[in-house]
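Listed here are the chains, written in short residue letters.
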Amino acid sequence: MKLRTILYGYTFQNAGYIPDPSESNVVQSIYSEYIGGTTIAEIVKWLNTTGIPYSSDKKTWNKNMVYRILTDTRYIGGGIYPQIISKELFERANKKENIAKQEPLTDELRWLKQKAFCHACGKQLYRRRMKDGSYRWICLNKCIKSKPIRDLDLQNMILEKLSLLKDHPESIADDFTVEDFSLSPEARKYENEIERLISEPNPSYQLLKSVVLDCVSKRYDCCVNSGTYEISKELTAALSKEPPGFDLMKKICEKIAVDENGEVHLTLKNGKDCI
Ligand SMILES: [Zn+2]
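Note that the coordinates shown come from a computational prediction; the quantities given were computed from them, not determined experimentally.

Participant: Can you explain unusual backbone geometry? Please cite residues and give values.
Facilitator: Despite not being glycine, Asn14 has its phi angle at roughly 45°, a positive value. Structurally, Asn14 can be placed in the loop between strand 1 (10-13) and strand 2 (16-19).

Laid out in structure tokens, this is it:
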């Protein structure tokens, strides 16, 4: 097991420290992201999203780990560790102005950062600052093949979906209500099978257990969650009252997913996917 007593970015070989190929890459990425304007918190999130472990016993990263990497002079060489960060890069990262130059997030963006996901891999989208100073939404697994999406474009695409929904409020309502509950023929079949197994002189516990579990899942399939039904009614009501905007978005959307073509899909609070 590799202990984290060795500075991150290095490995021990033939009685000396050498750069670890993948870890030193991570160190360099941390520096360039930070200089590009990405916050330490966002870097932590990025590292944890991509699943890069800090060490074999500490899988996840925290702000302190990233902060230490950004301020550790050993990365510029001169000691027992060979240089992997240029002096110039190190100085730029450690300039105070750099730390202060963080654009405040609007409520909309803060909300979107929680709710925007990649449709293909399911990971949270990452809002990256580009060289031109703009921010773009990307999947760190590179699932999205279209051009990285700008803040405004993402928000407009969602609003457009909400306008479409407004013209078709029936699409967010559930199709049937609690009163419609009835046992499906399949669930009934499992119930009969349970009856039969129980009446046997020596029923197999394992078999019985599996039939019971199957039966439960079949029974669930034909149930309608009344909670969902209530939420659907609320969503329909909100839609008829409010113009499509951020408040409505927050009220009715549970999740925003961007597919590989850059198309937006909304999942509503009642669990319904709306195209
Ligand atoms: Zn993805």
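Participant: Can you explain the environment of Arg136? Please cite residues and give values.
Facilitator: Locating Arg136 in the fold gives a position in strand 5 (residues 135-138). Between the C-alpha atom of Arg136 and that of Asp153, which follows or precedes it by 17 residues, the distance is 9.5 Å. Beyond its immediate sequence surroundings of up to four residues, Arg136 is in contact with Arg128, Met130, Pro148, Ile149 and Arg150.

Participant: Can you explain the sheet that holds strand 6 (residues 149-150)? Please cite residues and give values.
Facilitator: As summarised here, the arrangement of the three strands in space is 4-5-6, forming an open sheet in which the pairing is antiparallel. Across the chains shown, the open sheet's two edge strands, defined by having one partner strand only, are strand 4 (126-129) and strand 6. In terms of strand pairing, strand 4 meets strand 5 through four bridges, oriented antiparallel. Paired with Arg128 across the two strands is Arg136, which belongs to strand 5.

Participant: So what about the nonpolar core? Which residues, and what values?
Facilitator: Core analysis: the largest hydrophobic core is formed by 26 residues, its most contacted members being Leu125, Ile158, Ile256 and Val258. At the level of secondary structure, the elements contributing two or more residues to this core comprise strand 3 (116-118), helix 7 (151-167), helix 10 (226-241), helix 11 (246-252), strand 7 (253-258) and strand 8 (264-268). Residue contributions to this core peak at four residues, all from helix 7. Once you skip the residues sitting within four places of it in the chain, Ile256 turns out to touch Leu112, Lys115, Ala116, Phe117, Ile158, Val264 and Leu266. Tyr8, Tyr31, Ile40 and Leu47 belong to the second-largest nonpolar core, a separate cluster that totals 17 residues.

About the thresholds
Residues numbered from 1 in each chain as written. Predicted model: local features only at pLDDT ≥ 70, side-chain atom pairs only at ≥ 80, totals over all residues. Helix = DSSP H or I, 4+ residues; strand = E, 2+ residues; numbered from the N terminus. Contact = placed C-beta atoms within 7 Å. Pairing = 2+ DSSP bridges. Core = buried A, V, L, I, M, F, W, Y, C linked by C-beta atoms within 7 Å. Buried ≥ 20, exposed ≤ 12 C-beta atoms within 10 Å, placed from the backbone.

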